[in-house]
Amino acid sequence: MKKIFLSLLLLFLGGISFGNTTSTDTYSIIRERFSELTNTNSNDEKAQKLLNTLNNNFDRTYLWEQFPDMKSGPHILSTYRNLTDIIKAYTDKNSSLYQNKDVKNTIITSLNWLRENAYRENLPELGNWWQWEIGIPKELNRIVAYMYPELSKEQVEIFLNGSRYFQPYAEWSGYSEGAKTSTSPNKRLSTGGNRIDTCYIVFMRGILTQNKDEVVNALSNLGEVAEYVTTGDGFYRDGSFIQHGTIPYGGTYGEVLLSGLGTIQNLVANTDLEIKDPRFNNIYNSIINGYNHLFFNGRISDSISGRAVTRKNSNDLTRGVGNLVAIAMISQGAPEDYKVKLQEIVKRNIETGDTSLILSRIKNPVEKKVIENILNDKNIKISTPSGVKIFGNMDRVVNRTPNYSFVLSLHSSRVGNFESILEENTKGWHAADGMYYIYTANTNEYFEYWPVVDPYHLPGTTESITQRENSIGERRHPKTMVQKDFVGGTTNNTYSIIGMDFSSWNDLTTAKKSWFITPDFIVSMGSNISSKDGEIHTTVENKSIKSNDEVIKNTDNNLTLKNPLSNLYTGFIILDNNTLKTTTEKRVGNWDKDKTEISKNFIKSFINHGSNPEDSSYLYAIIPETNLKNIENFNTKDINILSQNSFAHGINFKNITAINFWDDSSDKEVGIFSSKTPASILAIDTKSKLFISVSDPTHKNSEIIFSVKGKFKLENINNNINTVVNKNITTITVSNLKDGATENFTLIPKEN
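Residue numbers here run from 1 along each chain, matching the order of that chain's written sequence. Thresholds applied to this predicted model are a pLDDT of at least 70 for local features of residues and 80 or more for the giving and counting of side-chain atom pairs; totals over whole chains, interfaces and linings are not thresholded and use all residues. Remark: hydrogens and water are excluded; side-chain values derive from all non-hydrogen atoms of the structure.

**As for the overall build of the chain**
Part 1 of the reasoning: When its secondary structure is counted, the chain shows 16 helices and 34 strands.
Part 2 of the reasoning: Against the globule reference of 27 Å for 752 residues, the chain gives a C-alpha radius of gyration of 28 Å, in line with a compact fold.
Part 3 of the reasoning: A principal-axis box enclosing the C-alpha atoms of the chain has dimensions of 90 × 55 × 50 Å.
Part 4 of the reasoning: Partly exposed residues are those whose accessible area sits between 20% and 50% of the maximum for their type, while under 20% is buried and over 50% is exposed, using a 1.4 Å probe and protein chains only. Within the span of the chain, comprising 752 residues, buried residues form 59% of the whole.
Part 5 of the reasoning: For this analysis, residues touch if any pair of their heavy atoms sits within 4.5 Å. Partitioning the intrachain contacts of the chain with sequence separation of at least 6 by distance along the chain shows that 66% fall at a separation of at least 24.
Part 6 of the reasoning: Residue-level accessible areas treat just the shown protein chains as cover; the underlying method is Shrake-Rupley with a 1.4 Å probe. Accessible surface for the chain amounts to roughly 30,700 Å². Of this, 46% is attributable to carbon and sulfur atoms.
Part 7 of the reasoning: Asp and Glu are treated as the negative residues and Lys and Arg as the positive ones, with His and the ends of the chain left uncounted. To locate a charge, the coordinates of NZ of Lys, CZ of Arg, CG of Asp or CD of Glu are taken. In the chain, 81 positive and 84 negative side-chain charges are present, and the distance between their average locations comes to 2 Å. Helix numbers and strand numbers start at the N terminus; a helix is a DSSP run of H or I with at least 4 residues, a strand a run of E with at least 2. Taken over C-alpha atoms, the radius of gyration is set against a globule rule of 2.2 Å times the number of residues to the power 0.38.

**Description of the sheet that holds strand β22 (residues 594–611)**
Part 1 of the reasoning: DSSP bridges decide pairing: two strands pair if at least two such bridges lie between them. One open sheet accounts for 4 strands, arranged β12-β17-β22-β21; its pairing is antiparallel. With partners counted over all chains shown, the strands left at the sheet margins are β12 (462–464) and β21 (580–591), one partner each. Between one strand axis and the next, the sheet turns by 45° as a mean value, whatever way the strands run.
Part 2 of the reasoning: Direction of pairing for strand β17 (residues 535–544) relative to β22: antiparallel, over a ladder of 8 bridges. Each bridged residue has a counterpart across the sheet, and for T539 the counterpart in β22 is F606. Fitted lines through C-alpha atoms serve as axes, helices being fitted only where they are in contact, and the angles separating the N-to-C directions of these axes extend from 0 to 180 degrees.

**Describing unusual backbone geometry**
Part 1 of the reasoning: Even without glycine at this site, E625 takes up a positive phi of about 45°.
Part 2 of the reasoning: With a phi angle near 55°, D739 is a residue other than glycine that sits in the positive phi range.
Part 3 of the reasoning: By the secondary structure assignment, D739 is in the loop between β33 (729–734) and β34 (743–749).
Part 4 of the reasoning: Residue class for D739 comes out partly exposed when judged on its relative accessible area of 37%.

**Some remarks on the nonpolar core**
Part 1 of the reasoning: In these notes, a set of buried Ala, Val, Leu, Ile, Met, Phe, Trp, Tyr and Cys residues joined through side-chain atoms within 4.5 Å is what counts as a nonpolar core. Core analysis: the biggest nonpolar cluster contains 125 residues, and Y80, F203, M204, L258, I283 and W450 have the highest contact counts within it.
Part 2 of the reasoning: Counting residues per element, this core draws most heavily on helix α12 (residues 316–331), at 9 residues.
Part 3 of the reasoning: With sequence-adjacent residues up to four places away left out, I283 is seen in contact with V225, A226, F235, L257, L258 and L261.
Part 4 of the reasoning: In this structure, Y404, F502, I529 and Y618 belong to the second largest nonpolar core, which totals 31 residues.

**A few points about helix α15 (residues 365–376)**
Part 1 of the reasoning: Helix span, as expected, comes to 1.5 Å for every residue beyond the first. Compared with the 16 Å implied by 1.5 Å per residue over 12 residues, the 16 Å span of α15 between its first and last C-alpha is a close match.
Part 2 of the reasoning: Of all the residues in α15, the buried ones are V366, V370, I371, I374 and L375.
Part 3 of the reasoning: We call two N or O atoms a polar contact when they sit within 3.5 Å, provided that within protein one can donate a hydrogen and the other can accept it, with sequence-adjacent residues counted only if both atoms are side-chain atoms. One side-chain oxygen of the residue at the start of α15 lies 2.9 Å from the amide nitrogen of V366, identifying that residue as N364.

**Structural notes on the pattern of salt bridges**
Charged atoms that come close allow side chains of opposite charge to pair.
Part 1 of the reasoning: Only one rule defines a salt bridge in this text: a Lys or Arg side-chain nitrogen within 4 Å of an Asp or Glu carboxyl oxygen. A complete count under the given rule lists 32 salt bridges for this structure.
Part 2 of the reasoning: Between D507 and R475 there is a salt bridge, and its shortest N-O distance comes to 2.8 Å. Taken as a pair, D507 in the loop between β14 (496–503) and β15 (509–517) and R475 in the loop between β12 and β13 (487–491) lie far apart in primary sequence, 32 residues in all.
Part 3 of the reasoning: Given the relative accessible area of 9%, R475 is considered buried.
Part 4 of the reasoning: Linking K604 and E585 is a salt bridge whose minimum nitrogen-to-oxygen distance equals 3.3 Å. Placement of K604 in strand β22 and of E585 in strand β21 is noted, with a sequence separation of 19 residues between them.
Part 5 of the reasoning: The class for K604 is buried, based on a relative accessible area of 8%.
Part 6 of the reasoning: Overall, E585 belongs to the partly exposed group, its relative accessible area being 24%.
Part 7 of the reasoning: Three or more residues are tied together by salt bridges with common partners; here these are R307, R311, E419, E424, E474 and R476.

**Focus on the sheet that holds β13**
Part 1 of the reasoning: Taken together, the 8 strands give an open sheet; going across it, the order is β13-β14-β15-β16-β23-β20-β19-β18, and neighbouring strands pair in antiparallel fashion. Looking at strand neighbours, the two that pair on one side only are β13 and β18 (551–554), the edges of this open sheet. Here the average twist between neighbouring strands, direction ignored, is 10°.
Part 2 of the reasoning: For strand β20 (residues 568–574) and strand β23 (residues 616–626), the ladder comprises 5 bridges, and the chain directions are antiparallel. Along β23, the bridge assignment pairs I573 with A621.

**Observations regarding the side chain of H411**
Part 1 of the reasoning: One can find H411 in the loop between β10 (405–409) and β11 (435–439).
Part 2 of the reasoning: When its relative accessible area of 3% is taken as the criterion, H411 is described as buried.
Part 3 of the reasoning: Discounting chain neighbours no more than four positions away, the residues touching H411 are D395, G416, N417, A432, D433, V482, V487, M500, F502 and S503.

**A short note on the pairing of strand β28 (residues 679–685)**
Part 1 of the reasoning: Among the 7 residues of β28, 6 are classified as buried, and the element is accordingly described as predominantly covered.
Part 2 of the reasoning: Where strand β26 (residues 656–661) and β28 come together, 6 bridges link them in antiparallel fashion. Its bridge partner lying in β28, I659 is registered against I681.
Part 3 of the reasoning: The pairing of β28 with strand β29 (residues 690–695) spans 6 bridges and is classified as antiparallel. Counted as the bridge partner of I681 is V694 from β29.
Part 4 of the reasoning: The hairpin turn running from β28 into β29, its antiparallel successor, is 4 residues long, and K687 in that turn takes a positive phi close to 75°.

**Quick look at the pairing of β23**
Part 1 of the reasoning: Within β23, 10 of the 11 residues are buried, leaving the element largely enclosed by the surrounding structure.
Part 2 of the reasoning: Pairing analysis gives 6 bridges linking strand β16 (residues 522–531) to β23, with the strands arranged antiparallel. The residue of β23 that forms the bridge with I529 is S616.

**Quick look at the environment of G206**
Part 1 of the reasoning: For G206, the location among the structural elements is in helix α8 (residues 192–209).
Part 2 of the reasoning: Look at G206 and you get buried, because its relative accessible area is 0%.
Part 3 of the reasoning: For the pair formed by G206 and L50, sequence separation is 156 residues and the distance between their alpha carbons is 30 Å.
Part 4 of the reasoning: Apart from residues no more than four positions distant in its own chain, G206 is found in contact with Y27, N211, E214 and V215.

**Some remarks on the environment of G127**
Part 1 of the reasoning: Tracing the chain through its elements places G127 in the loop between α5 (101–117) and α6 (129–147).
Part 2 of the reasoning: G127 gets classed as partly exposed once you look at its relative accessible area, which sits at 38%.
Part 3 of the reasoning: Expressed as a C-alpha distance, the spacing of G127 and G589, which sit 462 residues apart in the sequence, is 28 Å.
Part 4 of the reasoning: If we skip the residues at most four places from it in the chain, G127 touches T181, S182 and T183.

**Topic: the confidence of the model for the chain**
Part 1 of the reasoning: In this model, the chain carries a mean pLDDT of 94, and residues with pLDDT of at least 70 account for 97%.
Part 2 of the reasoning: Confidence drops under a pLDDT of 50 for residues 1–22, and excluding neighbours within four residues, the segment shows 48 contacts in the predicted structure. Looking at any residue, its pLDDT shows the predictor's confidence there, from 0 to 100.

**Thoughts on the packing of helix α11 (residues 280–294) against helix α13 (residues 336–352)**
Part 1 of the reasoning: Closest axis-to-axis distance for the α11/α13 pair is 10 Å, and the angle between their directions is 35°. The crossing of α11 and α13 is left-handed. Of the residues in α13, those in contact with N281, Y284, N285, I287, I288 and N292 of α11 are Y338, K341, L342, I345 and R348.
Part 2 of the reasoning: By the convention adopted, Pro, Cys, Tyr, Trp, Phe, Met, Ile, Leu, Val and Ala count as nonpolar, Lys, Arg, Asp and Glu as charged, and the other residues, Gly among them, as polar. Partitioning the contact of α11 with α13 into residue classes produces 6 nonpolar, 3 polar and 2 charged. Rotating anticlockwise by less than a right angle from the far helix to the near helix defines a left-handed crossing, while the corresponding clockwise rotation defines a right-handed one.

**Here's the deal with the environment of G135**
Part 1 of the reasoning: Topologically, G135 is positioned in helix α6.
Part 2 of the reasoning: Exposure remark for G135: the relative accessible area of 4% places this residue in the buried category.
Part 3 of the reasoning: The spatial distance from the C-alpha of G135 to the C-alpha of G73 is 8.7 Å, given a sequence separation of 62 residues.
Part 4 of the reasoning: Setting aside residues no more than four positions away along its own chain, G135 makes contact with L77 and W130.

Rendered as structure tokens:
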């Protein structure tokens with residue numbers, strides 16, 4: 001116990017450091033650390049209730065009545081979790097059930113019964129594979145670790161044999177014969193968050209059974225999750241994170257990966273198993289250059305949380321806190337230069353958010369102390385991130401300002417539109433069709449949003465309002481992906497032009513959609529809106545409000561709303577001849593797996609393009625979180641539309657030109673530009689210099705060729721850029737473009 005106390009003391013002092021150990025006691029040290037870190041928050045009342053409701057009949061076919069099906073993975077997992085809750089009380093010195101012999105007998109008897117009747121070798125995986133290969137093995141590791149002093153070596157092996165059958169190796173999923181009857185019957189490499197889980201399972205099983213081969217197998221396959229990927233699951237160099245092949249999932253599966261990695265790092269710290277793999281720097285960089293932009297005041301954007309947004313006990317704050325805790329734990333083992341940056345992210349988000357609420361959600365005492373140390377460290381100086389971040393590999397865009405975060409959620413031939421499995425996210429049809437989120441100081445703006453929002457009217461989307469069946473229209477598998485490549489854009493980090501060549505789930509509605517993003521406002525532009533799917537609406541806003549007092553102005557061309565928490569305003573101003581249709585309504589709904597009724601008042605504003613429109617369009621400005629005068633005095637004359645059609649969207653704002661060339665437009669000029677290839681171009685003209693930002697949103701071309709009126713040359717030599725002047729036209733070729741990334745360079749006038 002002295003060793004355990006010393007471990008915790010050193011950890012509480014600010015770093016996970018337990019003193020050097022040798023291989024002879026590594027197993028016991030890690031096992032003790034595992035229990036210290038995870039065996040927390042016992043609940044006597046809950047444990048006693050579970051004991052009282054446990055089925056003790058001789059001929060029983062289940063242990064708890066609410067989980068009667070012992071061929072169902074979810075029911076088996078829930079049964080094991082009930083046992084874990086009892087075990088937590090049994091092993092807690094402050095519990096009335098501590099070391100109770102009758103309780104111990106009940107635990108052992110129940111484990112033996114489950115071993116014989118629910119989870120053992122050679123059984124088929126019925127239903128979803130995850131419970132059999134990940135959920136139950138993780139729970140069994142906890143159970144055996146907490147009960148370890150009470151179990152014989154033979155019992156440890158017996159209780160973990162089922163786990164070894166269903167999840168034998170860290171690098172594989174679907175390995176056993178039993179997997180052939182599951183939802184994922186094929187043997188396959190585990191990836192992303194699932195790889196962390198499989199490594200975690202095999203590692204801890206190896207520790208508990210003192211099986212060196214399993215420990216080595218787990219740790220040797222851990223580093224692969226830190227390698228950047230170019231397709232499929234994992235981290236990309238631009239900070240994107242994909243799971244399930246094509247779905248942005250940093251908020252959930254990414255959290256699993258970060259949390260699992262942080263736990264393993266801390267378990268093996270200063271032992272002969274300590275991880276010193278330089279590949280983990282990739283993960284630190286992905287957090288700093290990726291996750292960092294998707295947090296706002298402790299919350300993490302729903303745009304990267306997939307189907308988890310429709311779970312009752314999951315929201316942007318709970319997922320944000322989970323990710324921040326994971327980052328805090330990972331920072332303990334990071335090199336010093338990364339450690340400071342990681343901890344700044346944690347400290348900033350907690351201090352700028354609802355600090356007391358965030359801290360109240362961190363229940364684990366070890367994690368709580370690590371967080372407190374970060375908050376109390378005066379050497380960690382927080383700074384507010386700002387500017388535009390384009391995640392080209394997951395079709396997400398973020399514009400961060402001190403007052404708000406504007407997030408765009410898109411999809412393409414590379415990135416799926418939505419995932420609906422396990423009866424979750426059944427109405428998530430349009431969440432990546434150009435939806436935008438505006439995160440502000442109001443931490444409840446997306447709380448209980450998804451059960452009640454009108455799913456046909458998500459802000460930023462252009463959709464048919466024809467009724468759809470639940471879950472249909474997923475375009476996330478190779479054979480069903482939308483055949484539209486142009487999704488993405490370019491940025492100089494302050495300004496940006498983003499484009500989406502949109503086609504609906506059934507390809508009956510198509511449109512060209514663009515967003516010109518500045519630090520103060522966004523211009524949303526649409527053209528070529530055509531459909532054979534009935535009435536089409538472009539939604540400008542759809543948010544919950546507590547009072548009509550939040551509606552400051554509501555006309556056919558202006559909707560202005562007040563944020564009661566920040567006392568700032570957001571305006572939506574129509575810039576063309578369209579008319580806003582705005583309604584307030586009480587929405588009633590429920591979570592996918594919980595029928596408890598939820599109701600909220602919503603204000604919904606949209607443009608009606610009519611039934612089966614041909615070549616319709618829209619143009620409006622979004623002015624988020626500002627003073628009312630800035631909205632009232634917004635000068636629409638500063639915005640000049642250069643092109644709004646099938647070959648280009650072009651806009652000029654003062655000395656800034658932003659263009660999406662959808663295709664070869666070499667014979668058509670937009671302002672002073674034309675392009676032989678699809679491209680996004682941003683140009684700032686200071687008269688003495690022309691600052692250019694350019695990208696290939698299609699990800700198809702290794703080079704872009706475009707022209708600009710005038711004679712120019714590069715200010716600085718760039719081996720990726722070539723300029724040719726012919727008469728009064730400068731043709732620019734930009735090479736070595738990858739993943740939709742922006743190339744920034746400066747042109748200066750060329751003397752004759």
